[in-house]
Structure formats: structure tokens, C-alpha cells
Amino acid sequence: MPVADESENPTRIEGNDDPVVPLLAPVDGVPPVLETAAAVADAAARLAAGAGPLAVDAERASGFRYSNRAYLIQLRRRGAGTFLIDPIPVTDALGPLAEAINDLEWVLHSADQDLPGLAELGLRPARLFDTELGGRLAGFERVGLAAMVEKLLGRELRKGHGAADWSTRPLPAEWLNYAALDVELLLELRDEVAASLEKQGKSDWAAQEFEHVRTTEPAAPKADRWRRTSGIHSLRRTRQLAVVRELWTARDQLARHRDVAPARVLPDSAIIAAAQADPKTIGQLRALPVFGGPRQRRHSRDWLAAVDRARALPESELPTLTQPYDGPPPVNRWERRDPAAAARLTRARAAMGELSEEHSVPVENLLTPDLLRRLCWDGLPEFRSDTVPDAPVQAIDDYLKAGGARPWQRELAAPHLATALFG
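Residues numbered from 1 in each chain as written. Predicted model: local features only at pLDDT ≥ 70, side-chain atom pairs only at ≥ 80, totals over all residues. Heavy atoms only, no water.

This next bit is on the packing of helix H18 (residues 369-378) against helix H20 (residues 392-402). In contact at an axis separation of 11 Å, H18 and H20 are set at 135° when each is read in the N-to-C sense. Regarding the angle of H18 to H20, the classification is oblique. The chirality of how H18 crosses H20 is right-handed. When H18 is examined against H20, the residues Leu-371, Arg-374 and Leu-375 are found in contact with a partner set consisting of Ile-396, Tyr-399 and Leu-400. (Axes fitted to C-alpha atoms, helices over the stretch in contact; angles between N-to-C directions. Helix = DSSP H or I, 4+ residues; strand = E, 2+ residues; numbered from the N terminus. Parallel < 35°, antiparallel > 145°, perpendicular 65-115°, else oblique. Left-handed = near helix turned anticlockwise from the far one by under 90°. Contact = heavy atoms within 4.5 Å.)

See the structure below:
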């Protein structure tokens, strides 16, 4: 695709007289989509002959498909250019690509979003640089790709297709242009972010965080995911919750089998309506919103069977009205259940807020909120006896380490938390 006139209607960076130049198309044009083993092998050879880190992005079909698989892979390396790969027809032919790129440093924006799907294809980086995470550590207020490219490179990326159904075939030309632009400036952005981190003395912090993202396995699905059904808080009876659970499970099984996003199989609103109405016949079910539609009628017996299963459950097998929790209760219950723990959390949050301001790092990047809550609730045995550990900083450091906090986080947080919690 020819490059559009990028000088047309340039905007300006706030606080900077230099204009922001729109980037409407890749400088070298949009490359063809590679969808044969031979084309992928050729791309692998060219990437191997390139220099420096590898810019990587992947497009999924969230909201359209059940799986988290990658439907398009974008790669760019200096001296090699940009490559767009359709992994679907060449899933079993990506070995040469993995051999060429897995030993490189990968540069991604929000790497945790794309790494799992790429790992399913045998593509795993030896080293990682996450520009979004690096931007957070560097104290940037806006860390979206377009915002950072504008701030650091003076270019405007016009977004618009990130939420599209990337399982569509063939992919529209404008989508491919968007996809290629996502890696067009990623390597330059990496260099700018790295320079900011180095200037602030945060390069080692970032390296620890990048390695954590690279090596952390995807979290296991949470128990009782059906409780996240939108509108569930309007239900007041355990039998109604049982209907939600059965319908949610039936929907999830069907969605997984068809590789379709669950909400496209049956919306949450329909599940809640069925739980409230308690239909006993197919006619009653089909009289409810959504269930009478042509796409739902074919599954009427399955949906009614789920409702019947919930209706037949003994009282002892009904779900509880409130969600069981692993770890501390919701924070809004702390004051009533354990005022001392609530006071600890207030002091700890204040200490972390001060650290955040001092180092220009978001609180949640200094320490995960869940780990802080667990520490303050009952993390140390001294909390139960209202005593002070012999070595408060070491005791907190040990707890944070067991909870997965990185060395730089513990070095900053442990002394401040020891002062906040024990004086």
C-alpha cells in the first residue's frame, strides 16, 4: 500500500511545539499475509538474518471465539522488515519460525495478552521487553500503544480494529494495515522506553518485571466462574443461583465445542431471565426473551434440561447466596469482622501510596493489591498475638517473597510496610 501524505493536518504534542505526524500506513507498504509453509520458512530465514530485538504482536478474536488463539501474527526486525503470518493454515509448519525467533529478545506491548496464544504455537521468547509495562514503571500517565508512540516518537497511530473478529477470512485490507502499523514503530518505542527507565535508575526493576511476565504460567480458571454472570446480584434465592450455574455450565460446554464466545451462544440476560421465571416446559422457555429466537430454539431441550437439573437438586447441593472466597473477605467487611486488620490495611495503603508518589510507579505495580490485602489480614502470626516480630522488615520480606513479589518490590515495600504496620 502506498504511504499516505503524513503531513496532512498534523496535531501537536501537549507542551511541545513539534507536530504529531499521522502514520497512516507502513513505510514499506502492507506486506502480504503468509499462509504456506514455504512462505513461513522464507520469513524465518529473513528474520534470522536481521539485527536486534524482534517486534511482536498477535491478533485474537476475543468476544467472538471461545479460544485465546492467535489468528494473525505480526513480526518486525531491523534489516528484515515486517511479516504478517496467518497461523491457522500453517500451525504445524511453524518450527522454522520458532527456531529463528525464540532465542531473540521480543518486544511486545502488553505482553501478557499475547504470550499465551503464541506459546500454544511453540513460539516463546528467550528475553522480553514489554513497552506497556515499561511505560508504567517509567511513570507515564497514558500507556496505550498509540499514546506512548505519540508522546515518545511524535507519531499518531490511528487505531480502530483491535476489537474486530480476527478469525474472519479473508482479512480486510484496512485491518491488515492496522496490524502492520502495530509493529511499525515498536522497536523505536522500545529504545525510548529503555532510555527513560535507564535515566530514572529503573532498568533493573523493569528487567525483573519482564522476566516475571515471560516466565509466569497463565493463571488457572477461577472457581465458580458462573458467579460472574451479569445481573446475578438481582437473584435472592439459592435455587435461582442453581439455575444460573447449570445454564452457565451448559452454555460453556457448547461454546467450547463450537469455539464461539459464550455470550454469543446465550447472553447473560437470558440466563438471569430463566432463573427468575423457572420455566417448566419448552413453550414457557421459548416465551422468554432470546430463547424464542431461531438460534436458540434448536437448543431448547438442552437449556430446559439445565433448568430441570437445578430444580431437582437437593437443598444440600444448592450454591450459597454469597460467594465463598479464597483468602481475606471483601475489604468492605473488614471493619466489622476484624477492626485491627482494617486499620493495618489503611496504614499499609497509605505507605504504598507514598512510595508510589516518590518513585512515580503505580501502586499496583509496586505490589499487587491482593498480596497487600493478604498480608494485612493474617499474613504474619504476630498479628494474632498483637506482638511485634523480632525482625519486622525480614518477616514482611519473607511473606512478600513467598507471595511472588520481585526483589525490587520487596526492597522498596518491606521497610515502609514494617514502619506502617509495627511503628
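This part takes up the domain arrangement of the chain. The assigned domain composition of the chain is domain 1 (21-215), domain 2 (225-317) and domain 3 (331-422). Look at where the C-alpha atoms of domain 1 and domain 2 centre, and you get two points 39 Å apart. Taken together, the six residues of domain 1 in the interface contact ten residues of domain 2. Buried surface at the junction of domain 1 and domain 2, both sides included, amounts to about 640 Å², of which 44% is carbon and sulfur. On the domain 1 side of the contact with domain 2, Phe-64, Arg-65 and Tyr-66 bury the most area, a combined 82% of that side's loss. Summed over the shared surface of domain 1 and domain 2, the number is zero salt bridges. Where domain 1 meets domain 2, there are eight residue pairs in polar contact (both at pLDDT 80 or more). Tallied by class, the residues present in the side of domain 1 that touches domain 2 amount to three nonpolar, two polar and one charged. (Domains from an automatic or database assignment. Buried area = accessible area lost by both parts, 1.4 Å probe. Salt bridge = Lys/Arg side-chain N within 4 Å of Asp/Glu carboxyl O. Polar contact = N/O pair within 3.5 Å; in protein donor to acceptor, adjacent residues only side chain to side chain. Nonpolar A, V, L, I, M, F, W, Y, C, P; charged D, E, K, R; others polar.)

Let us now look at a positive patch on the surface. The grouping of Arg-258, Arg-264, Arg-295 and Arg-298 at the surface amounts to a positive patch. Overall, Arg-258 belongs to the partly exposed group, its relative accessible area being 39%. (Patch = residues over 30% accessible without salt bridge, like charges linked within 9 Å, V, L, I, M, F, W, Y side chains within 5 Å. Areas by Shrake-Rupley, 256 points an atom, 1.4 Å probe, with all protein chains shown as cover. Lys, Arg positive; Asp, Glu negative; His and termini not counted. Charge placed at Lys NZ, Arg CZ, Asp CG, Glu CD. Buried < 20%, exposed > 50% of the residue type's maximum accessible area, 1.4 Å probe, protein only.)

Moving on, we come to the side chain of Thr-82. Position of Thr-82 relative to the elements: it lies in strand E6 (residues 81-85). When its relative accessible area of 14% is taken as the criterion, Thr-82 is described as buried. A polar side-chain atom of Thr-82 sits 2.6 Å from a polar atom in the side chain of Arg-76. Excluding its chain neighbours within four sequence positions, the residues that come into contact with Thr-82 are Pro-31, Leu-75, Arg-76, Val-183 and Glu-184.

Following both chains from N to C, one finds helix H16 (residues 339-359) and helix H21 (residues 407-422) inclined at 140°, their axes separated by 9 Å at the closest point. Accordingly, the angle class assigned to the pair H16 and H21 is oblique. Between H16 and H21 lies a crossing of right-handed hand. Note on element contacts: H21 touches H16 through Leu-412, Ala-413, His-416, Leu-417, Ala-420 and Leu-421, opposite Arg-344, Arg-347, Ala-348, Ala-351, Met-352, Leu-355, Glu-358 and His-359. Residues that form the contact of H16 with H21 fall into these classes: nine nonpolar, two polar and three charged.

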